[in-house]
Structures are given as C-alpha cells and as structure tokens.
Amino acid sequence: MKNYILVGVAILLLAFAAWRLTGRRSGKLNLSRPVLQPAVCLNCQQEIDVERPFGEAPPYKCPACDQRTACPWWYCYDCHWRFVPELRKTEDGRVRPEGNPVCTHCGCANVSEWYPASGTQTPMGDAPLPHLP
Ligand SMILES: [Zn+2]
Ligand SMILES: [Zn+2]
C-alpha cells in the first residue's frame, strides 16, 4: 500500500515539474514581441535596426529622427544589390512601399526582404535611396 502512495506522489511531482517547464517555455515564445528589422531612414538617411511591431506595415518609426520614414532593406537575387523599393502616397495621405517591389538597381522582381541572418544574401552594393513622395 505504501508503494502505491509513493508512486502517486512521484507522478504528481513529475506532472508539476512538466507544468512548470512548459509554462516557462511558453512565456519565452511571445509572438507579439517586436522583431528587430534592419532598415534605413529616408528622412535622416541613418541605417538603423527598427523595432517592427508585429503585423505592422512599413515605413516604421525611425528611432533616430522620430519620423515614420524607416524602410526595410530589400535584396535582389539577380544583381545582388541592396535597395529600398519606391514609395507612393495612398489616398489617405500615408506613404507606402510599392505593392510589388522591383529592384531599383536592375529592375527585376527577383527580390525579397533582406535578412542578414540568412547568410545567403551578401550585398554587392547599395542602390540610391528613393525619394519620399
Ligand atoms: Zn530617421
Ligand atoms: Zn537587381
């Protein structure tokens, strides 16, 4: 009879430990946390990592000049240059990057946002920044 109680206590302790572990793990995996995005500001021309609020579209608020003019770098797989897609003004007066960005250096559409951590996107040069509309 004593053994059954010991086994029962052991199971309870294990369950408690597992609960503590998974609780801590889910606390670390917070998807709503802002992501750091390598960007360049079209207003003050600073290259800067901006905190990208989850689900928010660029341009982001520049930590240096406080304007919403920080745009993520893009990368072209054809000419291997870094660039910022052209911007346009929408009807509500907001500035938005083009919907289908093309490389401002060679004009192709074989592009994606630049993630230096990927290790496969090594820029050969930086295209001139677009003007603010
Ligand atoms: Zn700025
Ligand atoms: Zn290109």
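Structure shown above.
Cut-off values and rules
- Within each chain, residues carry numbers counting from 1 in the order of the written sequence.
- Naming scheme: in the order in which they are written, chains are lettered from A and ligands are numbered from 1.
- Reporting of local features is limited, given that this is a predicted model, to residues whose pLDDT is at least 70; pairs of side-chain atoms are given and counted only at 80 or more, and all residues count toward the totals for whole chains, interfaces and linings.
- To qualify as a helix, a DSSP run of H or I must reach at least 4 residues; to qualify as a strand, a run of E must reach at least 2; elements of each kind are numbered from the N terminus.
- Exposure classification rests on a simple neighbour count of other C-beta atoms within 10 Å of a residue's own: a residue reaching 20 or more is buried, one at 12 or fewer is exposed, and one in between is partly exposed. C-beta atoms are placed from the backbone.
- Contact between two residues is assigned whenever their backbone-derived C-beta positions fall within 7 Å.

What's the story with the overall build of the protein in this structure? I'm lost.
Looking only at helices and strands, the protein features 1 helix and 9 strands. N-terminal to C-terminal, the α/β element order of the protein is α-β-β-β-β-β-β-β-β-β. Residues counted as buried form 17% of the 133 residues belonging to the protein. For the protein, the proportion of contacts with a sequence separation of at least 24, taken over those separated by at least 6, is 49%.

For this particular structure, what's the right way to read the environment of Cys71?
On the secondary structure map, Cys71 appears in strand S3 (residues 70-72). Residue classification places Cys71 among the buried positions, given that 25 C-beta atoms sit within 10 Å. It is 5.2 Å that separates the C-alpha atoms of Cys71 and Ala39, two residues lying 32 residues apart in sequence. Non-local contacts of Cys71, meaning those with residues more than four positions away in its chain, are made with Ala39, Val40, Leu42, Pro58, Pro59, Val84 and Pro97.

Whenever I open this one, unusual backbone geometry confuses me. Can you help?
Most peptide bonds adopt trans geometry, and most residues besides glycine take a negative phi value. Look at the link from Pro58 to Pro59: it is a cis peptide, with omega at 0 degrees. Examined against the element boundaries, Pro59 turns out to sit in the loop between strand S2 (47-52) and S3. For Gln45, which is not glycine, the phi dihedral falls at a positive 65 degrees. For Gln45, the location among the structural elements is in the loop between strand S1 (35-41) and S2. The backbone of Asp66 shows a phi angle near 70 degrees, a positive value even though the residue is not glycine. In this fold, Asp66 is placed in the loop between S2 and S3.

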